[in-house]
Amino acid sequence: MIKLDVQKRLGDFTLDAQFDAPAGVTAIFGRSGSGKTTLINAIAGLLTPDAGTIALNGRTLFGVGTNVPTAKRNVGYVFQDAWLFPHMTVGKNLTYGGNHDFDRIVDLLGLASLLTRRPTALSGGEKQRVALGRALMSKPDVLLLDEPLAALDSARKAEVLPYLERLRDTGGPPMIYVSHAMSEVARLATHLVVLDAGRVVQSGPLGDVLAHPASMPLLGVRDAGAVIIGAVTGYDTDDQLTHLSFDAGHISLPGHIGQIGQSIRLRIPAQDIILAGAAPVTISARNVLPVTITALEQGRGPGVAVGLQAGQARLLARITKASLREMNLSVGDQVFAIIKATAVAPENVGR
Amino acid sequence: MIWTPVFLSLQVSLIATICALPLAIWVARVLAHGTSRWHSVLNGFVHLPLVLPPVVTGYLLLVVFGRQGTVGAVLYDLFGVTLAFRWTGAALAAGIMGFPLMVRVIRLGFEAVDPGLEAAAQTLGASRARVFRTVTLPLVAPAIVAGSVLGFAKALGEFGATITFVAAIPGQTETIPSAIYAALQVPGQEGAVVTLVCISIALAMGALIGSEWLARRVVAR
């Protein structure tokens with residue numbers, strides 16, 4: 001667990017951030033220049049704050065009269081550029097900081113065939129897996145990841161993401177995951193801290209922050225949208241649809257996704273939800289969920305953020321002001337949320 | 001004996017390079033990472049022998065390291081060491097003249113090491129000393145080899161500062177360049193001149209080829 005309260009001035013930019021990161025994956029999300037990297041470097045000790053405190057599992061790393069050097073902080077750090085040592089083999093890179101759980105980590109990250117290679121002979125995705133393994137073998141108290149996938153193309157991203165999901169689900173160390181890509185955050189994070197111009201503007205469990213209508217202007221209309229977690233219940237061979245069960249109800253998605261019983265997390269962008277006043281009689285969309293409106297938030301633009309309760313789960317929709325007026329919606333109304341099955345992008349489906 | 005100045009030159013240049021190397025590595029590292037006014041002053045001081053007339057450097061060495069010089073007197077009184085007009089003085093002059101070249105090349109090597117690699121090593125628990133030994137130094141090694149060879153070659157060819165500081169006493173301080181110069185002053189010594197010139201070229205070529213080979217070995221490791 002990390003408790004953090006730091007201030008740092010860098011030219012015109014001021015970082016003034018406070019948050020607690022519990023076990024699990026805490027994503028720090030923000031636009032470029034919002035101070036994400038400054039924040040994570042302060043945790044690693046690569047940058048000294050002007051004031052504040054940083055504590056890791058109750059141990060003060062930075063505070064009045066205390067500034068533990070990076071080497072003694074026991075943090076693992078995966079950089080955007082992998083920073084593998086070019087003069088060492090993959091195996092030597094991996095054990096540079098220790099060989100804690102060597103066999104298990106090599107197995108978990110699929111590194112066995114790479115051990116004798118040189119970093120220059122690796123693809124971008126392989127480099128990041130090695131960097132991840134190297135950080136893990138130093139047995140860190142917290143794993144810091146600074147945009148680890150940002151330098152990779154989408155195919156390489158899709159190659160590395162499942163390893164990070166596995167790490168999260170198999171009792172890895174707590175992670176601080178810096179990113180400006182909502183699809184990564186939605187798939188990996190358990191907690192979300194939204195940073196804007198050096199300040200924390202939202203923080204809390206991922207589902208709560210993402211489903212909160214006030215988050216929409218902070219995340220941007222394209223990135224806003226709730227994440228729901230459910231399980232695979234079946235696969236229809238004839239229709240080639242996977243059936244999923246969520247607190248919000250049943251959802252079908254095209255294609256074969258996971259095994260029966262497997263946990264699935266699904267991000268539903270707010271702009272992909274259509275609201276209907278009554279249950280549609282014939283409609284091509286596969287997924288129609290009865291929901292209750294919990295909040296309406298008008299922004300400065302033409303859109304309105306609509307908070308929805310679907311069973312135990314919460315969703316977020318974005319509709320136009322004109323639709324709001326014509327449908328005469330208000331908080332507490334029972335409506336139907338329509339999700340087009342093919343609108344869900346593969347990158348928004350995770351474990 | 002034609003080989004006497006050759007062996008003396010090799011001895012002087014080798015000792016000069018070996019003694020100057022640790023200091024050159026340290027100064028190169030300091031200069032690579034600093035931008036303050038003191039770094040500019042240090043940078044200028046290190047490069048002085050490169051731009052001063054060598055005879056001026058030789059004269060300054062006499063003033064400072066001569067028997068009556070500020071440092072020279074102390075060295076003689078405390079340790080009985082004399083540099084002026086000795087082969088050790090030739091090594092000092094050669095080392096000082098080669099030093100700026102060594103620093104320049106090694107400094108480029110340090111500047112080419114990305115600080116991200118050192119930061120990564122620190123996050124893996126490595127102390128500053130271990131980061132330097134296991135990450136920085138191996139990556140700078142080719143530049144150190146190249147800088148050493150350049151410094152060695154410069155030391156082999158040093159003439160002005162050497163002849164001013166230690167003169168050209170046959171068998172004691174007469175290096176290859178001094179020997180060539182002396183032979184040129186005497187009619188009928190053309191054969192010795194040609195031999196020494198050929199040896200000079202062979203040594204220079206050998207040093208360059210050797211450094212290429214060494215650098216490749218270092219990188220491949």
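Residues numbered from 1 in each chain as written. Chains lettered and ligands numbered in written order. Predicted model: local features only at pLDDT ≥ 70, side-chain atom pairs only at ≥ 80, totals over all residues.

### Details of the overall build of chain B
Alright, step 1. Scanning chain B from terminus to terminus reveals 10 helices and 0 strands.
Alright, step 2. Principal axes of the C-alpha set define a box for chain B whose edges measure 70 × 40 × 30 Å.
Alright, step 3. Looking at the 221 residues of chain B, the share that counts as buried comes to 41%. (Helix = DSSP H or I, 4+ residues; strand = E, 2+ residues; numbered from the N terminus. Buried ≥ 20, exposed ≤ 12 C-beta atoms within 10 Å, placed from the backbone.)

### Considering the overall build of chain A
Alright, step 1. Each helix and strand counted, chain A has 9 helices and 21 strands in total.
Alright, step 2. For 351 residues, the compact-globule formula gives about 20 Å, and the C-alpha radius of gyration of chain A, at 22 Å, lands near that figure.
Alright, step 3. Its C-alpha atoms give chain A principal-axis dimensions of roughly 65 × 50 × 30 Å.
Alright, step 4. Each of the 351 residues in chain A was classed as buried or not, and the buried ones make up 45%. (Rg over C-alpha atoms; globule rule 2.2 N^0.38 Å.)

### Brief notes about the sheet that holds strand β20 (residues 334-339) of chain A
Residue and element names in this part refer to chain A.
Alright, step 1. Strands sit in the order β16-β20-β17-β18-β19 across an open sheet of 5 strands; the sheet is antiparallel. Among the strands making up the open sheet, the edge pair consists of β16 (273-276) and β19 (313-320). Neighbouring strand axes in the sheet, compared pairwise and without regard to direction, differ in orientation by 45° on average. (Pairing = 2+ DSSP bridges. Axes fitted to C-alpha atoms, helices over the stretch in contact; angles between N-to-C directions.)

### Regarding the domain arrangement of chain A
Residues and elements named next belong to chain A.
Alright, step 1. By domain assignment, chain A separates into domain 1 (2-211) and domain 2 (226-350).
Alright, step 2. The distance between the C-alpha centroids of domain 1 and domain 2 comes to 32 Å.
Alright, step 3. With 8 residues of domain 1 in contact, the opposing surface of domain 2 contributes 11 residues.
Alright, step 4. Contributions of two or more residues to the side of domain 1 that touches domain 2 are made by α6 (182-188) and α7 (206-211). (Domains from an automatic or database assignment. Contact = placed C-beta atoms within 7 Å.)

### Observations regarding the sheet that holds strand β14 (residues 249-254) of chain A
All names here are of chain A.
Alright, step 1. Spatially, the 5 strands line up as an open sheet ordered β14-β13-β12-β15-β21, and their pairing is antiparallel. The sheet is open, and its two edges are formed by β14 and β21 (349-350), each paired on a single side.
Alright, step 2. The sheet contact formed by strand β15 (residues 263-269) and β21 spans 2 bridges and is antiparallel. Paired with Arg265 across the bridge in β21 is Gly350.

### Digging into the interface of chain B and chain A
Alright, step 1. Facing 14 residues of chain B, the contacting portion of chain A comprises 16 residues.
Alright, step 2. Breaking the side of chain B that touches chain A down by element, the ones donating at least two residues are α6 (115-123) and α7 (128-157) of chain B.
Alright, step 3. Among the elements that line the side of chain B that touches chain A, the one with the most residues is α6 of chain B, at 7 residues.
Alright, step 4. Grouping the constituent residues of the side of chain B that touches chain A by class yields 9 nonpolar, 5 polar and no charged. (Nonpolar A, V, L, I, M, F, W, Y, C, P; charged D, E, K, R; others polar.)

### Overview of the nonpolar core
Alright, step 1. Formed by 161 residues in total, the largest nonpolar core has its most connected members in Ile43, Ile176 and Leu315 of chain A together with Ile106 of chain B.
Alright, step 2. Ranked by residues supplied to this core, first place goes to helix α5 (residues 87-112) of chain B with 15 residues.
Alright, step 3. Here this core gathers at least three residues from each of two domains, domain 1 (2-211) and domain 2 (226-350) of chain A.
Alright, step 4. Leave out the neighbours within four places in its chain, and Ile43 of chain A touches Ile2, Leu4, Ile54, Val75, Leu144 and Ile176 of chain A. (Core = buried A, V, L, I, M, F, W, Y, C linked by C-beta atoms within 7 Å.)

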